[in-house]
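Spelled out from the first residue to the last, the chains are:
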Amino acid sequence: MSTDLLPNAGNDLLRIHKAITRALDVSLQNSQGTDLAEGHQQGFVTYVRALTILLHSHHAGEDELSFPFWRTRLPAGPFDELSEQHRQIVLCLNQVERWLEGVQAPWQAGAQSELHHTLTDLWTLWQTHIALEEATIGPENSRQYLTPAENEQLSRQLAEHGQTHAQPSELVMPFIVYNLSGADRAEYVKLLPPVMLQQLIPFAWRAAWAPMMPFLLAE
Ligand SMILES: [Fe+2]
Ligand SMILES: [Fe+2]
């Protein structure tokens, strides 16, 4: 079997990083310059809130599951530095959350500029962080240092951890799915329970995530 077809927890890492990177891009673009149309402001607040929740839960999965496991395989790996980067990102997220709590749609012209400034700092921290993280626990090292069974187990544990911690699910799970496209989305949804894909996201949860649609990729 080609090694590309074997379970690889590093590929899951790249995929979730892609969803977060796209969401950061979209949040940066929409907090820049001219103000958002009033009709989209509340959806934008919901979208950025989902991004902050996802970042917290993604870091928690790494701090609680990935890094402790990887330390046993790469004892000299930069895990203290990666965790410190998480703490720096959390400081930025706290500022984003304060902005989200304080703003009310419709907001005054220019109210987004403070958010944009913080998101710009967050973007820089995020790029530095994922470069180091992907070089440490990305696909290459996952293939080299973990067996296929260990990759599969780590993937499953992280997926379950994410689904438990990224709350409310009705906001964050569709947020991840629709910040991915094509093959990335097809691979990501394989880790979700069928009921979530077939019933919850398209129907029961739709009203919760629909306001974010202007900022998501098409269904
Ligand atoms: Fe991380
Ligand atoms: Fe990460």
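Everything below is about the structure shown above.
Everything numeric in this text was worked out from a predicted model, so none of it was measured. (Residues numbered from 1 in each chain as written. Chains lettered and ligands numbered in written order. Predicted model: local features only at pLDDT ≥ 70, side-chain atom pairs only at ≥ 80, totals over all residues. Heavy atoms only, no water.)

Caption draft 1: Structural context of the packing of aromatic side chains. Enumeration over the complete set of coordinates arrives at six aromatic pairs. Between Y47 and F215 the ring centres are 5.7 Å apart and the planes differ by 45 degrees, which places this aromatic pair in the tilted class. Of this pair, Y47 sits in helix 2 (residues 38–73) while F215 sits in the segment after helix 10 (206–209), and the two are 168 residues apart along the sequence. The same class applies to Y47 and to F215, which are both buried. When the centroid spacing of 5.6 Å and the interplanar angle of 50 degrees are considered together, the rings of F67 and F79 count as tilted. With F67 in helix 2 and F79 in helix 3 (residues 79–102), this pair connects stretches of sequence that are 12 residues apart. Each member of the pair, F67 together with F79, is buried. Chaining the aromatic ring pairs together yields one cluster made of F44, Y47, F175 and F215. (Phe/Tyr/Trp six-rings, centres within 6.5 Å; stacked < 30°, edge-to-face > 60°. Helix = DSSP H or I, 4+ residues; strand = E, 2+ residues; numbered from the N terminus. Buried < 20%, exposed > 50% of the residue type's maximum accessible area, 1.4 Å probe, protein only.)

Caption draft 2: Here's a closer look at the coordination of the iron ion (ligand 2). Only H17 (NE2), H58 (NE2), E62 (OE) and E133 (OE) from the protein reach the iron ion (ligand 2) as donors, at distances of 2.0 to 2.2 Å. Coordination at the iron ion (ligand 2) is irregular, judged from the four donor atoms that bind it and the angles of 83 to 171 degrees they form at the metal. All donors to the iron ion (ligand 2) come from one chain, and their sequence spacing reads H-x40-H-x3-E-x70-E. Taken as a pair, the iron ion (ligand 2) and the iron ion (ligand 1) lie 3.1 Å from each other and share E62 as a ligand. Taken as a pair, H58 and E62 lie in helix 2 at a separation of four residues, close to a single helical turn. (Donors = N, O, S within 2.8 Å, 3.2 Å for Na, K, Ca; no water. Tetrahedral: all angles 85-135°; square planar, octahedral: opposite > 155°, others 65-115°.)

Caption draft 3: Quick look at empty space enclosed by the protein. Scanning the entire structure with this criterion turns up one cavity of 30 Å³ or more. What lines the largest cavity is a set of 27 residues, and nearest its centre among them are D12, I16, H58, L158 and A159. For the lining of the largest cavity, the elements supplying multiple residues, two or more each, are helix 1 (9–30), helix 2, helix 6 (148–165) and helix 7 (169–177). In terms of residue class, the lining of the largest cavity is built from 14 nonpolar, 10 polar and three charged. (1 Å grid on protein atoms, 1.4 Å probe; cavity = no way out; pocket = protein on both sides within 12 Å on 5 of 7 lines; lining within 4 Å. Points joined across faces, edges and corners; volume = space filled by probe spheres on them. Nonpolar A, V, L, I, M, F, W, Y, C, P; charged D, E, K, R; others polar.)

Caption draft 4: Spotlight on the coordination of the iron ion (ligand 1). Only E62 (OE), H86 (NE2), H129 (NE2) and E133 (OE) from the protein reach the iron ion (ligand 1) as donors, at distances of 2.0 to 2.2 Å. Geometry at the iron ion (ligand 1) is irregular, judged from the four donor atoms that bind it and their angles of 84 to 172 degrees at the metal. Motif for the iron ion (ligand 1), donor spacing along one chain: E-x23-H-x42-H-x3-E. Residue H129 is classed as buried on the basis of its relative accessible area of 0%.

Caption draft 5: Inspection of the pattern of salt bridges at higher detail. Evaluated as defined, the whole model comprises seven salt bridges. Here D80 makes a salt bridge to R71, at a shortest N to O gap of 2.6 Å. Take D80: its relative accessible area is 54%, and that puts it in the exposed class. With its nearest N and O atoms 2.7 Å apart, the salt bridge here joins E187 to K190. E187 gets classed as partly exposed once you look at its relative accessible area, which sits at 33%. You can call K190 exposed: its relative accessible area is 61%. (Salt bridge = Lys/Arg side-chain N within 4 Å of Asp/Glu carboxyl O.)

Caption draft 6: Looking closely at the layout of surface pockets. Reported here for the largest pocket is a volume of approximately 450 Å³. What lines the largest pocket is a set of 17 residues, and nearest its centre among them are P7, D12, S155, E187 and L191. For the lining of the largest pocket, the secondary structure elements donating two or more residues are helix 1 and helix 6. Broken down by element, the residue count for the lining of the largest pocket peaks at six residues, all from helix 6. When its residues are assigned to classes, the lining of the largest pocket shows five nonpolar, four polar and eight charged.

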